[in-house]
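Chain by chain, the residues:
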Amino acid sequence: MRLTLYTDYSLRVLIFLAAKPVGELSTVAEISGSFVISKNHLTKVVHELGKADFIETVRGRGGGIRLKVRPEHINVGSVVRKTEDDFQLVECFNRESNQCILAPVCQLKGVLQEALQAYLAVLDRYTIADFVQNKDEIRMLLFPPSLS
């Protein structure tokens, strides 16, 4: 299984915000610059993370974004479920569009469903806090000291 870039970016944004000091605001431009990814893509990601109540937006001059909840309360499996739009690993997972002739007797579908559930179960064991235990190292990469 492969995660979409959208989910990848969502997890990166959450890790970025979790690496910041608690309550400190960040901007989409700052995150975009750190990861060298499109500001337009990140704007969409940030908007959806806000709608999902993972982050909050502070409007106005000096505004930005920050985590809405503590990193240890952001379950990775939950983030993946909210950001991925297709868990249909094979055609037969979709009853409406399935054209596979083997579907009525196929044993593979059950195995793939079991594998998908195992994949999600592993993600469910982790929170964003698990990925920022090495905050100092992360901060050195994301927020390098200025060269001035």
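Since the structure is predicted, the reported quantities are computational estimates derived from the model, not experimental observations.

Q: Where do I start with the overall build of the protein in this structure?
A: Assigned secondary structure in the protein consists of six helices and two strands. Secondary structure elements of the protein, listed N to C terminal, follow the sequence α-α-α-β-β-α-α-α. For 148 residues, the compact-globule formula gives about 15 Å, and the C-alpha radius of gyration of the protein, at 19 Å, lies well above that figure. Over its C-alpha atoms, taken along the principal directions, the protein stretches across nearly 65 × 30 × 25 Å. Per-residue burial over the protein gives 31% buried out of 148 residues.

Q: What is the right way to read the packing of helix H1 (residues 5-19) against helix H6 (residues 135-142) from this model?
A: A pair of packed helices is captured by two measures, namely the crossing angle of their axes and the spacing between those axes. Direction vectors running N to C along H1 and H6 enclose 110°, while the axes themselves pass 10 Å from each other. Of the possible angle classes, the one that applies to H1 and H6 is roughly perpendicular. Together, Phe-16, Ala-18 and Ala-19 of H1 and Lys-135, Ile-138, Arg-139 and Leu-142 of H6 make up the contact between the two elements. In terms of residue class, the contact of H1 with H6 is made up of five nonpolar, no polar and two charged.

Q: Even after reading the chapter, I still don't get unusual backbone geometry, so can you show me in this structure?
A: What you tend to see is this: most non-glycine residues have negative phi, and most peptide bonds are trans. Of note in this structure, Val-36 is not a glycine but carries a positive phi near 55°. Looking at the element boundaries, Val-36 is found in the loop between helix H2 (28-35) and helix H3 (39-51). A relative accessible area of 71% means that Val-36 is categorised as exposed.

Q: Would you mind going over a nonpolar patch on the surface with me for this structure?
A: A surface patch of nonpolar side chains, amounting to about 350 Å² of accessible area, comprises Ile-101, Leu-102 and Val-105. Along the chain, Ile-101 turns up in the loop between helix H4 (76-83) and helix H5 (108-124).

Q: Looking at this structure, I do not really get the packing of H1 against H4. What am I missing?
A: It is at 9 Å that the axes of H1 and H4 come closest, and there the two elements cross at 140°. One element, H1, and the other, H4, form an angle in the oblique class. In the crossing of H1 with H4, the sense of the turn from one axis to the other is right-handed. The residues of H4 that touch H1, namely those facing Tyr-6, Thr-7, Ser-10, Leu-11 and Leu-14, are Val-76, Val-79, Val-80 and Thr-83. Broken down by class, the residue content of the contact of H1 with H4 amounts to six nonpolar, three polar and no charged.

The rules behind these values
- Residues numbered from 1 in each chain as written.
- Predicted model: local features only at pLDDT ≥ 70, side-chain atom pairs only at ≥ 80, totals over all residues.
- Heavy atoms only, no water.
- Helix = DSSP H or I, 4+ residues; strand = E, 2+ residues; numbered from the N terminus.
- Rg over C-alpha atoms; globule rule 2.2 N^0.38 Å.
- Buried < 20%, exposed > 50% of the residue type's maximum accessible area, 1.4 Å probe, protein only.
- Axes fitted to C-alpha atoms, helices over the stretch in contact; angles between N-to-C directions.
- Parallel < 35°, antiparallel > 145°, perpendicular 65-115°, else oblique.
- Contact = heavy atoms within 4.5 Å.
- Nonpolar A, V, L, I, M, F, W, Y, C, P; charged D, E, K, R; others polar.
- Patch = residues over 30% accessible without salt bridge, like charges linked within 9 Å, V, L, I, M, F, W, Y side chains within 5 Å.
- Areas by Shrake-Rupley, 256 points an atom, 1.4 Å probe, with all protein chains shown as cover.
- Salt bridge = Lys/Arg side-chain N within 4 Å of Asp/Glu carboxyl O.
- Left-handed = near helix turned anticlockwise from the far one by under 90°.

Nothing here speaks to function; it is all geometry.
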